[in-house]
Amino acid sequence: MLSVALRSALSTQRGRGAFSLIRKHFHSSAVRLKKRAQPEPPPRELDLIRYDMKHLWKGPKPALILGFAGLLPFISPTLLMAVTETYYPQLAYAQVAYAASIVSFLGGARWGFALPESSPAKPDWINLANSVVPSLLAWVTMLMSDSIVPAATMAIMGLGISLHYDLTLLPTYPSWFKALRTVLTFVAFFSLLGTIVINDLYPCKYFY
């Protein structure tokens, strides 16, 4: 009887020891899972813009001065028509023609960025084909220039697509340049949008 009781006590103690080992194993596994670093989600386009904005004024002064001076042909027609409360088709056409030239220029800049051997962007089908798209949109803009609303809308699309390409397809652009591109694009967008609104809001008048 004593041996039977002894064996029963030993088996019970072994079971308790095994159970405690299992509990310790699961506890340590749970702790390791909690401490394991979660993978960070990929940065979104808006997050990149917020990051790049901090570096706007670190760009070369000639680029900043010429960039902001290049907004004058966007802002001036809309501002003049808003102040005079008159829609001038010649001013609207000049603004849209300038927007088309800027859209085409942005495509050429991307093409030139991808060509040098030391460039981080490869001259592959994706980069070079996307560089041609803004020029095609600029061409279509001028084909629609008889009607300001579709022409300005196409120019806005070209500016938006070019900005999207610069922020996502070519993330190797300097941060100050991406910040500058963002600011200039938004100002140009609202200037063209203002011209579209003025076209419907105010009476039309020709200079000659």
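Residues numbered from 1 in each chain as written. Predicted model: local features only at pLDDT ≥ 70, side-chain atom pairs only at ≥ 80, totals over all residues. Heavy atoms only, no water.

Peer 1: How would you sum up the overall build of the chain? Please name residues and give values.
Peer 2: Check the secondary structure of the chain and you find 8 helices and 0 strands. Within the chain, the proportion of its 208 residues that are buried is 34%. Surface exposure of the chain reaches about 13500 Å², of which carbon and sulfur atoms provide 70%. (Helix = DSSP H or I, 4+ residues; strand = E, 2+ residues; numbered from the N terminus. Buried < 20%, exposed > 50% of the residue type's maximum accessible area, 1.4 Å probe, protein only. Areas by Shrake-Rupley, 256 points an atom, 1.4 Å probe, with all protein chains shown as cover.)

Peer 1: Requested: an account of the pattern of salt bridges, with residues and values cited.
Peer 2: Any two side chains of opposite charge can pair, given that their charged atoms come close. Inspection of every chain in the model, using the stated rule, returns 2 salt bridges. The residue Arg110 makes a salt bridge to Asp166 at a minimum N-O spacing of 2.7 Å. With Arg110 in helix H5 (residues 89–114) and Asp166 in helix H7 (residues 148–169), this pair connects stretches of sequence that are 56 residues apart. Each member of the pair Arg110 and Asp166 is classed as buried. Residue Arg181 pairs with Asp166 through a salt bridge whose shortest N-O separation is 2.8 Å. Taken together, the positions of Arg181 in helix H8 (residues 175–201) and Asp166 in helix H7 put the pair 15 residues apart, joining distant regions of the chain. Accessibility expressed as a relative area gives 5% for Arg181, which makes it buried. Residue classification places Asp166 among the buried residues on the basis of a relative accessible area of 3%. Several salt bridges converge on common partners, so that one network encompasses Arg110, Asp166 and Arg181. (Salt bridge = Lys/Arg side-chain N within 4 Å of Asp/Glu carboxyl O.)

Peer 1: A description of the packing of helix H4 (residues 72–84) against H5 should follow, citing residues and the corresponding values.
Peer 2: Contact geometry of H4 with H5 gives a least axis separation of 9 Å together with a crossing angle of 160°. Taken together, the axes of H4 and H5 are roughly antiparallel relative to one another. When you trace H4 past H5, the crossing you get is left-handed. Between H4 and H5, the residues in contact are Pro73, Phe74, Pro77, Thr78, Leu80 and Met81 and Leu91, Gln95, Tyr98, Ala99 and Ile102, respectively. (Axes fitted to C-alpha atoms, helices over the stretch in contact; angles between N-to-C directions. Parallel < 35°, antiparallel > 145°, perpendicular 65-115°, else oblique. Left-handed = near helix turned anticlockwise from the far one by under 90°. Contact = heavy atoms within 4.5 Å.)

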